[in-house]
Amino acid sequence: MNLAAPVGAVLAGLDWAILLYFLAANGFYLLLLISAGWEMRSYVLTSRADSRWRLVQSRTAPTVSLLAPAHNEAATISDSVQAMLGLYYPNLEVVIINDGSTDTTLDVLIGRFRLVPAPLVFRQVLATEPVVGLHRSRSHPNLLVVDKRNGGKADSLNAGMNVASGQLACAVDADTLIEPDAIQRMVWPFLTTANLIAAGGTIRVANQCQIRGGRVIVTHVPRRGLSGFQVVEYLRAFLFGRLGWNRMGGNLIISGAFGLFDRAAVLAAGGYAANTVGEDMELVVRLRRKSYEAGRPGLVAFVPDPVAWTEVPETARVLGRQRDRWQRGLADVLWRNRKLLFNPWYGSLGLVAYPYFFFVELFGPVVEAIGLLGLVASLALGAVDVPFAAVYFLVAYGLGICMGAFTLVLEEFSFHRYETVPDRLVLFGWAVAENLGYRQLTVVWRLHGLIKFLRGRTDWGAMQRRGFTEDPSAPAPASRSEPG
Amino acid sequence: MITTGLLYQVLLLLGLLLSAALAAVFGHAAWLGWTRRADPPRLALARAALTNTLAGGAAPASTAPRGDAARTSGEGPAGSVPADRDIVALPDRLRRRLLSDLAGSVQGDQRQRLARLAVDLGIIGRAQRWARSRWWWRRLRGAHLLSSLCDEDPLMHRLLGDPHPAVRAEAITWAGDHVDTAVAERLVDLLADRSPLCRHAAKDALLRAGPAAPPVVAEHLRRGDSPNLDALLDVAAGRPDHRYQAAARSLAGDPRPAIRAVAARLLGELGGHDAIPVLELQLTDPQPAVREEAAAALGRLGHWPAASAVARLLRDPSWDVRCAAGEALAALGAPGALMLQRYSRDDDPFAADMARRVQQSSGLRTVGAREPAR
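The text that follows walks through the structure, step by step, so that each part is easy to find. Remember, predicted model here, so these are calculated numbers, not experimental data.

### Side note on the overall build of chain A
Along chain A, the regular secondary structure elements total 14 helices and 14 strands. Taking 484 residues into account, the globule formula puts the C-alpha radius of gyration at 23 Å, and chain A, at 23 Å, falls close to it. Burial analysis of chain A (484 residues in total) assigns 60% to the buried set. Contacts in chain A between residues at least 24 apart in sequence constitute 77% of all its contacts with a sequence separation of at least 6.

Dropping the structure here:
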């Protein structure tokens, strides 16, 4: 019996189905892009108003607590805290959570900022590892240090939420470079939007940028492939992905490196979950779900201004681990909140945002992998012809290249942080090249993450960073655990 | 089936899209590059000329050529210093930037000169046209220019009622610097605006406002029928004035708990003998938020005779009330410390715990705290 014909027919049908999937996904991306363009235009026009800056500096502006967990960071903690204290915002409280450091982190803080014991009077709304002491600075009255037993990042942030006094709480990673006026920009949506529960901002890639005094002075597009591709990825994810969601049902993700939350809402929702690798996304989805259940749908806004800079992995091994973990985190969060899928009770969250993340972000790699393998098999069996394969390829990857290119258009007409023509040319080059090899590599990593999730793996994996230095050619330091 | 023709069409479409993106990015980059090279020297010359003009080197005459005429001729009015040509020669966008950038830094005569120059150069005329535009972003730009360059313009009053919240907020921010009785009345109304941004801007404007605001706020508090009474009380507490005293005492008995709570805070800011009995009465209010504010207010006022009444709140079922009572006792000096000492051995474990924690924190006794590194 000849099996080639029925197998060929099945493969051809599969190829058509996947082609339609790509068309639908790219069509949705196009909608997001248009939405992002509209939102960006509105944002840029509004930001011309003088009142914007005066109002966020007003003493009536909401109080903000900056929460920064620190674990064995004696070498860098002093500079990090100094940079946080230098942020421009009138009602800012900086809360450093010493998460059971076994080195001299606390002693460094006590010496550098003249800390004295402060009242252990705070309301323990969220359960955390025991807090051993509170310290307030004599030299910087808005600095508070929480000394607690080790419990991990989520536990530390929960302890910070308990102790903080701000109306808004901003979770930051100690190794993220925050723009001096980032808090002002992030607070703005809380002034303009009722029922806002969280806001996120654009995180940019700092690799090979010139950094001085904890600030990015000159931006450069990395010439190394992996970090260059990630610049385009970050721009696409933030500038058109998340910005586009502002008008289409709201965001589900706020970067753990820098996000601003309504503290009361976080406390009411139970704080960060410690038993997930995607605690930032988990919190946002839970906050939104609970707000719908309480009858007051909460919004999550995205601020397109670049607010923070981070170092991205420069080796395939480390990047692979990171993407694997992100995919596991996504799968975990979507699984925990599965009742949202197509549930009209949750409005645009259940009908638009969740299905998108489920079908495009979670299962995208599966479909893409099957599609690529199926196409090769179909061509080999003669089930599809070359024009079909070419159109398939163009729809899947050609449109991806166009989306990347239009993200660069958005960047150019809004913030244009990459100022030289060579930088722009290189960026364009990365936007085209990332679809030819790098994207397929990320599919493999994400598939790996999905498989691990199905097997129940919840570890983080080690992250190796070069560290921010003024000289980008400086040697790489030792590895450490990734803060997320 | 997919034909070769369709393939070429898809290829052409993608090629066109990519070309358009490339053209947009590099066209914009070229324009940016040109302005970055060309603008700074022109702006520097014009800034020097403007500084000279404002310093009295040459006051622009009211008969100066306006807008396009000035631009084409490059001629200034009779008596202008030659440097004025550098301002006139600037493109509109740079003129606007130059004048509005400088506006925040000049006062008095110099500001009047700047405003006259803005009129002569046609900037104010354009801003007024923009402020009447049907497009909100044009009105916003118009409002921004008018607010930075004009001390008084009827259009700004009109923009207080603009349909777009960003424009309204811009006008409200301007109004905060130009408050008279009518504007203060309008700002009080705007405390109940539908947009949170405008409510916030109105609150900020009232807090920054000069002496015209307190009588208006006091009158609205006295009437007590404002839909935005809690916001109004917040403003009053942020900028206490003796004229709020009677209204605050009266609102402390309001049936709405939120109003009673903010009234307690206001009384704590105002102080005075008349405030004390009201606050003491509020210590027994059925609502925890009111008891908390009353305890905190008595602590702020340092009214030590109320120590025992405040101390009783250490047994309150609400954590916030117990905490406020503890902190208030710490602020009351020796009588408060005595009460904390007594309650630290109280039968109620919650009261004893709070009293002990506050004792530790107030430096009365420190247990288990680390010494600062030397």
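### Observations regarding the pattern of salt bridges
Residue and element names in this part refer to chain A. Scanning all chains against the criterion turns up 46 salt bridges over all chains. In this structure, Lys148 and Asp155 form a salt bridge, with 2.6 Å as the shortest nitrogen-oxygen distance. For Asp155, a relative accessible area of 9% translates into the label buried. Taking the shortest distance from any N to any O, the salt bridge between Arg185 and Asp305 comes out at 3.4 Å. Of this pair, Arg185 sits in helix 6 (residues 182-192) while Asp305 is found in strand 12 (residues 299-310), placing the two residues 120 residues apart along the sequence.

### Let's talk about the environment of Arg321 of chain A
By the secondary structure assignment, Arg321 of chain A is in helix 10 (residues 316-336). For Arg321 of chain A, a relative accessible area of 28% gives the class partly exposed.

### Remarks on unusual backbone geometry
All names here are of chain A. Residue Asn195 is not a glycine yet carries a positive backbone phi of 65°. The topology assignment puts Asn195 in the loop between helix 6 and strand 8 (196-205). Positive phi outside glycine occurs at His416, with the angle close to 30°. The topology assignment puts His416 in the loop between helix 13 (386-414) and helix 14 (421-455). Look at His416 and you get buried, because its relative accessible area is 17%.

### What about the sheet that holds strand 8 of chain A?
In sheet architecture, strand pairing relies on hydrogen bonds along the backbone and comes in two forms, parallel and antiparallel. All names here are of chain A. Pairing in this open sheet of 10 strands is mixed, and the strands run 3-4-5-2-1-6-11-8-12-7 from one edge to the other. Each end of this open sheet is capped by a strand with a single partner; those strands are strand 3 (115-118) and strand 7 (177-178). Across seven bridges, strand 1 (residues 64-70) lies against strand 2 (residues 92-99) in parallel orientation. When the sheet's bridge partners are listed, Leu67 is paired in strand 2 with Val95.

### Examining the interface of chain A and chain B
Each partner contributes to the interface: chain A provides 57 residues, whereas chain B provides 51 residues. Counting each side, the surface lost to burial between chain A and chain B is near 4,800 Å², with a carbon and sulfur contribution of 72%. Inspection of the chain A/chain B interface yields one salt bridge. Between Arg123 of chain A and Asp320 of chain B there is a salt bridge, and its shortest N-O distance comes to 3.0 Å. Put simply, chain A and chain B have six residue pairs in polar contact (both at pLDDT 80 or more) between them. In terms of residues, the side of chain A that touches chain B owes the most to one element, helix 13 of chain A, which gives 15 residues.

### Topic: the pairing of strand 11 (residues 258-262) of chain A
Residues and elements named next belong to chain A. Most of strand 11 sits out of view: four of its five residues are buried. Across five bridges, the pairing between strand 6 (residues 168-172) and strand 11 is antiparallel. Each residue of the ladder has a partner; that of Val172, found in strand 11, is Phe258. Where strand 8 lies against strand 11, three bridges are found, and the strand directions are antiparallel. The residue of strand 11 that forms the bridge with Gly200 is Gly259.

The rules behind these values
- Residues numbered from 1 in each chain as written.
- Chains lettered and ligands numbered in written order.
- Predicted model: local features only at pLDDT ≥ 70, side-chain atom pairs only at ≥ 80, totals over all residues.
- Heavy atoms only, no water.
- Helix = DSSP H or I, 4+ residues; strand = E, 2+ residues; numbered from the N terminus.
- Rg over C-alpha atoms; globule rule 2.2 N^0.38 Å.
- Buried < 20%, exposed > 50% of the residue type's maximum accessible area, 1.4 Å probe, protein only.
- Contact = heavy atoms within 4.5 Å.
- Salt bridge = Lys/Arg side-chain N within 4 Å of Asp/Glu carboxyl O.
- Pairing = 2+ DSSP bridges.
- Buried area = accessible area lost by both parts, 1.4 Å probe.
- Polar contact = N/O pair within 3.5 Å; in protein donor to acceptor, adjacent residues only side chain to side chain.

Keep in mind these values describe shape, not function.
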